[in-house]
Amino acid sequence: MNHFSFELALIAVLPALALCAYVFFKDRAEKEPFGLLALLFGVGMSIYKPVFYLERLILDAIDKGFENSISVSPEGLVTFESTSTEVLYTVLCAFFGFSFVRICFIWLALFLTTHENKNFNYLFDGVVYSVFLSLGFTVVENLHFLIQNDVELLLPKLLTSVACQLFVGVIIGYYYTMWHMQFNANKIENALKEKGMVEKDNIRSSAKWLIAGIIIPFLTIGVYSLAGSLHSEIVKIVFYTAVFTVFGLSFQAISQMASKDGSYGKYLYKIIAKAHPDLSPEIINGALSTESDDSKEDNEQ
């Protein structure tokens, strides 16, 4: 029986808000505008519904693909024709019915909201953005879970989902920042090449950061969903141990990245100077200034 109430809704929301506050206060170099952070949190909340319906479509397609291999008793007991079929079905549901869709939506929403934003000028900013967006998604997910399920199931779901989503937000934010910086370094290098100031593409492609920023969170959410669907007591012990270990690692990573935070332009300068040591500081700074002006024009448009 559902026991939805304002108090329970508050319990479902407060942990995410507390973690957002923690990350916000860890950002000591330059605070992000409250309006931008509220927008990111709101975007995270708004993408839950399309993610949910797309996941349902994929899960229905998976069910249809296995309809000849699954039997359901009048009591609702599901039986698979073999253990291998059950394993394959469970893995597909966890990784492609849940993980793939939400990771792609979170990454795309992060990109569309912050890629050309002038406030994205410090390395830790990408982590702040990603955490706010990811936890906004989790808030709606937990509220939906509360509406659909008994209150006894809320606490385990609440604790594990927030812990997992914080970790995912940190990972996506880190790799998104590295991709963003490498992407802009490639862009500046190409501009210098067109002007005849450099001859070769010495700066590595940003693709590896993009791939890692999708694959690692995809595997994290997939394993989380897979482990959560299993009913073995041993699996549950390992599952909760892993989730709270990851939760602790998230705080450690946030503290380390915040303490090593630095100017985006400074690190971009280092990438270009290292790849092209023959370029003078004046040329590199001029290229950085041009890129910054172009970004401002894009924002105004």
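Residues numbered from 1 in each chain as written. Predicted model: local features only at pLDDT ≥ 70, side-chain atom pairs only at ≥ 80, totals over all residues. Heavy atoms only, no water.

(A) Summary view of a nonpolar patch on the surface. Together, Phe6, Leu10, Leu14 and Leu17 line one region of the surface with nonpolar side chains, adding up to about 390 Å² of accessible area. Mapped onto the fold, Leu10 is located in helix α1 (residues 6-26). By relative accessible area, Leu10 is classed as partly exposed at 38%. (Patch = residues over 30% accessible without salt bridge, like charges linked within 9 Å, V, L, I, M, F, W, Y side chains within 5 Å. Areas by Shrake-Rupley, 256 points an atom, 1.4 Å probe, with all protein chains shown as cover. Salt bridge = Lys/Arg side-chain N within 4 Å of Asp/Glu carboxyl O. Helix = DSSP H or I, 4+ residues; strand = E, 2+ residues; numbered from the N terminus. Buried < 20%, exposed > 50% of the residue type's maximum accessible area, 1.4 Å probe, protein only.)

(B) Spotlight on the packing of helix α3 (residues 48-65) against helix α5 (residues 125-148). Where α3 meets α5, the axes come as close as 10 Å, and the angle between the chain directions of the two elements is 60°. By the angle between their directions, the pair α3 and α5 is classed as oblique. When α3 is examined against α5, the residues Tyr48, Val51 and Phe52 are found in contact with a partner set consisting of Phe137, Val140, Glu141 and His144. Here the residues of the contact of α3 with α5 sort into five nonpolar, one polar and one charged. (Axes fitted to C-alpha atoms, helices over the stretch in contact; angles between N-to-C directions. Parallel < 35°, antiparallel > 145°, perpendicular 65-115°, else oblique. Contact = heavy atoms within 4.5 Å. Nonpolar A, V, L, I, M, F, W, Y, C, P; charged D, E, K, R; others polar.)

(C) Structural detail: the packing of α1 against α5. Where α1 meets α5, the closest approach of the two axes is 9 Å, and the angle between their N-to-C directions is 175°. Compared by their axis directions, α1 and α5 come out roughly antiparallel. Contact residues: α1 offers Leu8, Ala9, Ala12, Val13, Ala16, Leu19, Cys20, Val23 and Phe24, while α5 offers Val128, Val131, Phe132, Leu135, Val139, Asn142, Leu143 and Leu146. Broken down by class, the residue content of the contact of α1 with α5 amounts to 16 nonpolar, one polar and no charged.

(D) Highlighting helix α4 (residues 83-114). With 32 residues, α4 should cover 46 Å at 1.5 Å per step; its first-to-last C-alpha distance of 45 Å lies within 8% of that length. The largest bend in α4 comes to about 40°, at Ser99. (Expected span 1.5 Å × (residues − 1). Bend = angle between axes of the 7 residues up to and from the residue.)

(E) Inspection of the side chain of Ser130 at higher detail. Assignment of secondary structure puts Ser130 in helix α5. A distance of 2.7 Å separates a polar atom in the side chain of Ser130 from the backbone oxygen of Gly169. (Polar contact = N/O pair within 3.5 Å; in protein donor to acceptor, adjacent residues only side chain to side chain.)

(F) Highlighting the packing of aromatic side chains. Enumeration over the complete set of coordinates arrives at 26 aromatic pairs. Cluster of aromatic residues (ring-pair linked, three or more members): Trp107, Phe111, Phe120, Tyr129, Tyr176, Trp179, Phe183 and Tyr264. One cation-aromatic arrangement involves Lys31 over Phe24; the distance from NZ or CZ to the ring centre is 4.8 Å. Directly above the ring of Tyr267 sits Lys270, whose terminal nitrogen or CZ lies 5.1 Å from the centroid. (Phe/Tyr/Trp six-rings, centres within 6.5 Å; stacked < 30°, edge-to-face > 60°. Lys NZ or Arg CZ within 6 Å of the ring centre and 35° of its normal.)

(G) Main features of the nonpolar core. Ranked by size, the top nonpolar core spans 70 residues in total, and within it Leu133 and Leu135 carry the most contacts. The dominant element in this core, judged by the number of residues it contributes, is helix α6 (residues 154-194), at 18 residues. Discounting residues that sit within four places of it in the chain, Leu135 has contacts with Ala16, Leu19, Cys20, Phe41, Val162, Gln165 and Leu166. (Core = buried A, V, L, I, M, F, W, Y, C linked by side-chain atoms within 4.5 Å.)

(H) Fine view of the pattern of salt bridges. As enumerated under the stated definition, the model contains two salt bridges in all. The partner of Arg102 in a salt bridge is Glu55, and the shortest N-O contact between them spans 3.0 Å. Separated by 47 residues along the polypeptide, Arg102 in helix α4 and Glu55 in helix α3 bring together distant segments of the chain. By relative accessible area, which is 7% here, Arg102 ends up buried. In this structure Glu55 comes out as buried when scored by relative accessible area, which is 2%. Among the ionic pairs, Glu141 bridges to Arg102, the shortest N-O distance being 2.7 Å. A residue pair is termed long-range when its members are at least 10 positions apart, and Glu141 in helix α5 and Arg102 in helix α4 qualify at 39 residues.

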